[in-house]
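Each chain is listed here by its residues.
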Amino acid sequence: MERQGARRLVLDGLDLLALLARRDARLVNFWAALQQELRRRGVTTVATLLLPALFGAPSTIPIAGLDGQFDTLLFLHTVERHGRLARLVSILKARGRAADRISREFRLTDHGIQIAETADGAEAAAEAPAREGDDGADAAGR
Amino acid sequence: MSESPATSPAPPRVLTGIPGLDIVLGGGLLRGGLYLVEGQPGAGKTILGNQLAFAHIAAGGRAVYVTLLTEAHSRMIGHLRPLAFYDEAVVGDGLVYLSGMGPLDEGGLPALLTLLHTSLRERRATLLVVDGLAIVTENAEAEIPLRRFMVTLQSYIESIGGVALLLGRPLAGCDDLTYTMVDGVLALQREAVDVEVLRTAEVVKLRGSAHLRGRHAYAITDVGIVLYPRTEARYATPDPAGGPLAPAGSLGLPRLDAMLGGGLPGGAAMLVAGGSGTGKTSFGLHFLDAGARAGEAGLYFGFGEPPAALLAAADGLGLTLRAAFDRGALAFVW
């Protein structure tokens, strides 16, 4: 981090780091210490964590105490809707801020992630011009 | 531990120069101290002893390395030569290798002590390494001669304001007389984790100094021994201020920024949790992309996907991370 002078860090795969730490409590302590140093240096961090559920909403973070270490908790999950798999994004926690409590559908497109206005994909791709070849969820909103 | 009465204003600490070890020791070894490094054969004791000796010389000191083992010096040096710290130029001058076997066979521990004392004085050395402590213990036969040996050695070291390192196999434990006599013990251990072996170093005892407790991973590399102090032990003290947060930055997704009430505050941490294939990494790539556009350098630290695959994924999302990578504003560690 210091060599790069980085201001932003992505740590992709806390679940894999947990395997290295071998004990959940150690990962939480490690993360707490690391996070404190990053904050002191003004580095903003996004970490990813794989949840075991393939579908729907798992009700727990598999590493006890880990969620408490984050200011913001973003939750991504897959739902099946009329035979189509849709991705939803929800904010579970945003410490000290008034966050939106609506789950929204999003899609990965060649114009980046497109987040819809609602959970059922209405107004999808509002952030980017519509493109041919986009799937039905896009058309439904227009 | 009392300091040497010497009037020289020498700092009370001797840095080991071994990456990570001085942090674990709370700032190095204390002058006048007798330290034990214990570990099974292959743990890297001899490398550690030599690494410390070369670092000591590089810092302006002088060292005597006494072996009590059968291994010939030429063989030992052959193993050390490829390591980055080895410096042929100082061998025989700042650093001398001596064998203690002859004196020990002829005159026992008193003869060995004479050798140590004489060589320290003649070489004006401030570091002594004794490799093969088990041989000393075997020759002691009873506790009293061993205690006398330790006390005498300690007084030599204290009088010159130096440091002595004894290298040996693991002792029976804290009840062992040697443990009681020395000022500090560094235990090099091997731990089997499934089929892998993890090397760890632990400061079991350290007089007169706070240190980082617990086992710290270490590796034997081409620059010698490198210790990795456990992050959670190193930064264990919570920051009461918690660190002020800087103004918020964009996550690269205007709608998500709005959902969060205006992006992510600088210095904050966000967890993106989700099932397989939900796009967690893509959110991370957007975050780095927005940073790069705002002139903030970024680092991606991952475990699976190589940089080429990530850059291709970013290209596929229409992000300009490749350009940021090319101009050095983005780095990957994986």
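(A) Spatial organisation of the sheet that holds strand S2 (residues 44–50) of chain A. Spatial ordering of the open sheet is given by S6(A)-S5(A)-S4(A)-S3(A)-S14(B)-S2(A)-S1(A)-S15(B)-S16(B), a layout of nine strands whose pairing is mixed. The open sheet terminates on both sides in strands that have one partner only, identified here as strand S6 (112–115) of chain A together with strand S16 (330–333) of chain B. Averaged over all neighbouring strand pairs, the angle between strand axes comes to 25 degrees, with direction disregarded. In this sheet, S6 of chain A lies alongside strand S5 (residues 104–109) of chain A in antiparallel orientation, the contact comprising four bridges.

(B) Inspection of the sheet that holds strand S10 (residues 215–221) of chain B at higher detail. Residues and elements named next belong to chain B. In space, the nine strands of this open sheet follow the order S5-S4-S6-S7-S3-S8-S9-S10-S11, with mixed pairing throughout. Every interior strand has two partners, whereas the edge strands, strand S5 (95–99) and strand S11 (224–228), have only one. Strand after strand, the sheet turns through a mean of 25 degrees between neighbouring axes, direction not considered. The pairing of strand S6 (residues 127–131) with strand S7 (residues 163–168) spans five bridges and is classified as parallel. Within S7, the position partnered with Asp131 by the bridge is Leu167. Each of strand S4 (63–67), S5 and S6 touches helix H4 (residues 101–123); the most contacted strand, S5, lies at about 165 degrees to it.

(C) Expanded view of the interface of chain A and chain B. On the side of chain B, 65 residues touch chain A, which itself brings 71 residues to the contact. Roughly 5,700 Å² of surface becomes buried between chain A and chain B when both sides are summed, with 61% attributable to carbon and sulfur atoms. Of the charged contacts in the structure, one is a salt bridge between Arg255 of chain B and Glu117 of chain A, with a shortest N-O distance of 2.9 Å. Applying the counting rule to chain A against chain B returns 34 residue pairs in polar contact (both at pLDDT 80 or more). Counting residues per element, the ones that place at least two in the side of chain A that touches chain B are strand S1 (8–12), helix H1 (14–21), helix H2 (24–40), S2, strand S3 (72–81), strand S4 (84–94), S5 and S6 of chain A. Ranked by residue count, the leading element in the side of chain A that touches chain B is H2 of chain A, at ten residues. Residues of the side of chain A that touches chain B, tallied by class, amount to 38 nonpolar, 16 polar and 17 charged. Examined bridge by bridge, S3 of chain A and strand S14 (residues 269–274) of chain B share five bridges and lie parallel to one another. Looking across to S14 of chain B, one finds that Leu76 of chain A is bridged to Gly274 of chain B.

(D) Layout of the confidence of the model for chain B. Averaged over all residues, the pLDDT of chain B equals 88, while 92% of them reach at least 70. For the stretch residues 1–6 of chain B, pLDDT sits under 50, and the model shows twelve contacts to residues farther than four places along the chain or on other chains.

(E) Just a nonpolar patch on the surface, in detail. Residue and element names in this part refer to chain A. A cluster of nonpolar residues, Leu54, Phe55 and Leu85, forms a patch on the protein surface that exposes about 330 Å² of accessible area. You can see Leu54 is positioned in the loop between S2 and S3. By relative accessible area, Leu54 is classed as exposed at 55%.

Definitions and limits used
- Residues numbered from 1 in each chain as written.
- Chains lettered and ligands numbered in written order.
- Predicted model: local features only at pLDDT ≥ 70, side-chain atom pairs only at ≥ 80, totals over all residues.
- Heavy atoms only, no water.
- Pairing = 2+ DSSP bridges.
- Helix = DSSP H or I, 4+ residues; strand = E, 2+ residues; numbered from the N terminus.
- Axes fitted to C-alpha atoms, helices over the stretch in contact; angles between N-to-C directions.
- Contact = heavy atoms within 4.5 Å.
- Buried area = accessible area lost by both parts, 1.4 Å probe.
- Salt bridge = Lys/Arg side-chain N within 4 Å of Asp/Glu carboxyl O.
- Polar contact = N/O pair within 3.5 Å; in protein donor to acceptor, adjacent residues only side chain to side chain.
- Nonpolar A, V, L, I, M, F, W, Y, C, P; charged D, E, K, R; others polar.
- pLDDT = per-residue confidence, 0-100.
- Patch = residues over 30% accessible without salt bridge, like charges linked within 9 Å, V, L, I, M, F, W, Y side chains within 5 Å.
- Areas by Shrake-Rupley, 256 points an atom, 1.4 Å probe, with all protein chains shown as cover.
- Buried < 20%, exposed > 50% of the residue type's maximum accessible area, 1.4 Å probe, protein only.

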